[in-house]
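One letter stands for each residue in the lines below.
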Amino acid sequence: MRKYSIRKRVLVTGGAGFIGSHLCEKLLAAGNDVLCVDNFFTGTRDNIAHLLGEPHFELARHDVTFPLYVEVDEIYNLACPAAPVHYQYDPVQTTKTSVHGAINMLGLAKRVKAKILQASTSEVYGDPQVHPQREDYWGHVNPIGLRACYDEGKRCAETLFFDYHRQHRLRIKVARIFNTYGPRMHPNDGRVVSNFIVQALAGEPLTLYGKGAQTRSFCYVDDLVDALIRLMATPDGFTGPVNLGNPAEFTISDLAQLVIAATGSKSKVVFRPLPPDDPLQRKPDISLAEQHLSWRPRIPLDEGLRRTVAYFRGAEAAALPRVAAYA
Ligand code: NAD
Ligand code: UDP
Ligand code: UDP
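Just so we're clear, the structure is a prediction, and the values are computed from it rather than from any experiment. (Residues numbered from 1 in each chain as written. Chains lettered and ligands numbered in written order. Predicted model: local features only at pLDDT ≥ 70, side-chain atom pairs only at ≥ 80, totals over all residues. Heavy atoms only, no water.)

### Here's the deal with the overall build of the protein
Our working definition: The helix count covers DSSP runs of H or I at least four residues long, the strand count covers runs of E at least two residues long, and both are numbered beginning at the N terminus. In this setup the radius of gyration rests on C-alpha atoms only. A globule is expected at 2.2 Å times the number of residues raised to 0.38. Relative accessibility under 20% of the residue-type maximum defines a buried residue, over 50% an exposed one, and the middle range a partly exposed one, all with a 1.4 Å probe and only protein chains included. Contact criterion: two residues are considered in contact whenever any of their non-hydrogen atoms come within 4.5 Å of each other. Per-residue and other accessible areas follow the Shrake-Rupley method at a 1.4 Å probe size, with only the shown protein chains counted as cover for residues. Residues scored as positive are Lys and Arg, those scored as negative are Asp and Glu, and His as well as the terminal groups of each chain are ignored. To locate a charge, take NZ of a lysine, CZ of an arginine, CG of an aspartate or CD of a glutamate.
Along the backbone of the protein there are ten helices and 13 strands. Against the 2.2 N^0.38 benchmark of 20 Å for 327 residues, the protein shows a C-alpha radius of gyration of 19 Å, consistent with a compact globule. With the principal axes as the frame, the protein shows a C-alpha extent of 60 × 45 × 40 Å. The buried share of the protein, reckoned over its 327 residues, is 54%. The contacts of the protein with a sequence gap of at least 6 include a subset with a gap of at least 24, amounting to 81%. Element-wise, carbon and sulfur atoms account for 54% of the exposed surface of the protein, whose accessible area totals about 14,600 Å². Of the charged side chains in the protein, 38 are positive and 34 negative; the average position of the first set lies 2 Å away from that of the second.

### What about the packing of helix H5 (residues 192–201) against helix H9 (residues 301–313)?
For clarity, the threshold we go by: Each axis is a line fitted through C-alpha atoms, taken for helices only over the stretch in contact, and angles between the N-to-C directions span 0 to 180 degrees. Note on angle classes: values under 35 degrees are labelled roughly parallel, values over 145 roughly antiparallel, values of 65 to 115 roughly perpendicular, and the remainder oblique. Crossings are assigned a handedness: left-handed for a near helix turned anticlockwise from the far helix by less than a right angle, right-handed for a clockwise turn.
Between H5 and H9, the least distance of the axes is 10 Å, while the angle of their chain directions is 60 degrees. Judged by the angle between their axes, H5 and H9 are oblique. In this structure, H5 crosses over H9, and the sense of that crossing is right-handed. The segment H5 lies against H9, with Val193, Ser194, Ile197, Val198 and Leu201 engaging Leu305, Thr308, Val309, Phe312 and Arg313.

### Regarding the site of ligand 1
Cut-off, in case you're wondering: In these notes, residues near a molecule or strand are those with any non-hydrogen atom within 4 Å of it. In the analysis that follows, any N or O atom pair within 3.5 Å is treated as a polar contact, provided that within protein one partner can donate a hydrogen and the other can accept it, and provided that, for residues neighboring in sequence, both atoms belong to side chains.
Neighbouring ligand 1 are 30 residues; Ile19, Asp38, Thr42, Tyr150 and Thr180 lie closest to it. Within the contact set of ligand 1, an oxygen atom lies 2.8 Å away from a backbone nitrogen or oxygen of Ile19. In this structure, Asn39 approaches ligand 1 through a main-chain N or O atom, which is 3.2 Å from a nitrogen atom. Here ligand 1, which alone exposes 820 Å², has 96% of that area covered by the protein. Of all the elements, strand S5 (residues 115–121) adds the most residues to the shell around ligand 1, at three residues.

### Focus on the pairing of strand S1 (residues 9–13)
Note the following rule: Here the rule is simple: two strands pair whenever DSSP picks up at least two bridges between them. By convention a crossover is right-handed if, when the strands point away from the viewer, the path from the first strand over the helix to the second runs clockwise.
Of all five residues that make up S1, five are buried, and the element is covered over most of its length. Burial of S1 is two-sided: the residues Arg9, Leu11 and Thr13 facing one way and the residues Val10 and Val12 facing the other way are all buried. When S1 meets strand S2 (residues 33–38), the two strands line up parallel, connected through five bridges. Counted as the bridge partner of Arg9 is Asp33 from S2. Note that the unit made of S1, helix H1 (residues 18–29) and S2 has a crossover that is right-handed. Two strands pair when backbone bridges link them, and S1 and strand S4 (residues 74–77) are joined in this way by four bridges, in the parallel orientation. Within S4, the position partnered with Val10 by the bridge is Glu74.

### Some thoughts on the sheet that holds S2
Read from one edge of the open sheet, seven strands run S3-S2-S1-S4-S5-S6-S11, paired in parallel fashion. Each having just a single partner strand, strand S3 (57–61) and strand S11 (242–244) make up the two edges of the open sheet. Direction aside, neighbouring strands of the sheet carry axes that sit 20 degrees apart on average. Alignment of strand S6 (residues 172–177) against S11, held across three bridges, turns out to be parallel. The residue of S11 that forms the bridge with Arg176 is Asn243. Along the sheet, H1 makes contact with S1, S2, S3 and S4, crossing S1 at roughly 170 degrees. In the packing of helix H4 (residues 148–168) onto the sheet, contacts are made with S5 and S6, and the angle to S5 comes to roughly 155 degrees.

Written as structure tokens, this is what we have:
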């Protein structure tokens, strides 16, 4: 294909979402032409409103389960609802988004010979029996449970990426992203960091599911986006899958206390039933990322929470509706 500009043309699917909007911002700042494609299922125009006036930024409303014909050099495939409340709202559409979306974006990458990165997830490990999780662990996933539409959809997308790589010589990168948080998480998305911050700021009790003894490892969004961009720039021989996340592990009870401290709230905690198939523990082994991306997260949880709380206190987040999304 003929190229008339020295700028790279980069497609970000799911670009109006939480992580996608930060990624679009960084890619633009680095001098790329950015095409953000989103169907606004969980993302919003507000997340990228500040980019709309930029001459090298373009927004297209499009659902990746339908074919997309554009000319680009690199594709970041992030389109997919990520919070359990959202991905379980229309589970069939969730699987379609991961699977048909991957096929369409891989078909596009094949036609225009673009390099393509998949936003996969630590959920491919399911409720892990190996701790911490390394990339060579195959996982422990319930294929018929409530989380399966997301977990198995993402696993199938990984399969498609590796088959397009082997069969069609596509240049692929697969990132297994662990729990990421930060500004522009939607206050209604039901994820633990946003839930706790919204509850603490409203002076309501923080809802601990189960005993709050389950663990997660939380990565601040700036660290994660930095890793995604580094991964895309690795030599073609490096495909991943590679874990991206912050290995500092916290129980959900610890997190509640940190959020209470970061907000200065007087909220207490209340216990609620543990959702089915909720993984007991999760922590990435990031040696592969350290080796190939020369990367490790820099922002500790207390600092990341401070920045996220500042966002949720601000007018932007306060303007968003606080009714339970699909209650
Ligand atoms: P998000 O819900 O904020 O963003 C997803 C974006 O994809 C939204 O803008 C949504 O409107 C869009 N989208 C959904 N279905 C689509 C479709 N069919 N066509 C076009 N756009 C569609 O979630 P996020 O946290 O920013 O996650 C981004 C990606 O990273 C997802 O693929 C997610 O699975 C992955 N990921 C996120 C985390 C995390 O902790 N945030 C962890 C692991 C993996
Ligand atoms: N596709 C797309 N954009 C393109 C090229 C292909 O959306 O620029 C879609 C197309 O709809 C197809 C899918 O990607 O269904 C897979 O393409 P591929 O070439 O691998 O398979 P085929 O077209 O043979 O089904
Ligand atoms: N969680 C919780 N209270 C909430 C929301 C979530 O205790 O208000 C728990 C949830 O059960 C899980 C952990 O926090 O064990 C992380 O949940 P989240 O939905 O953020 O992400 P995921 O389960 O996909 O890692």
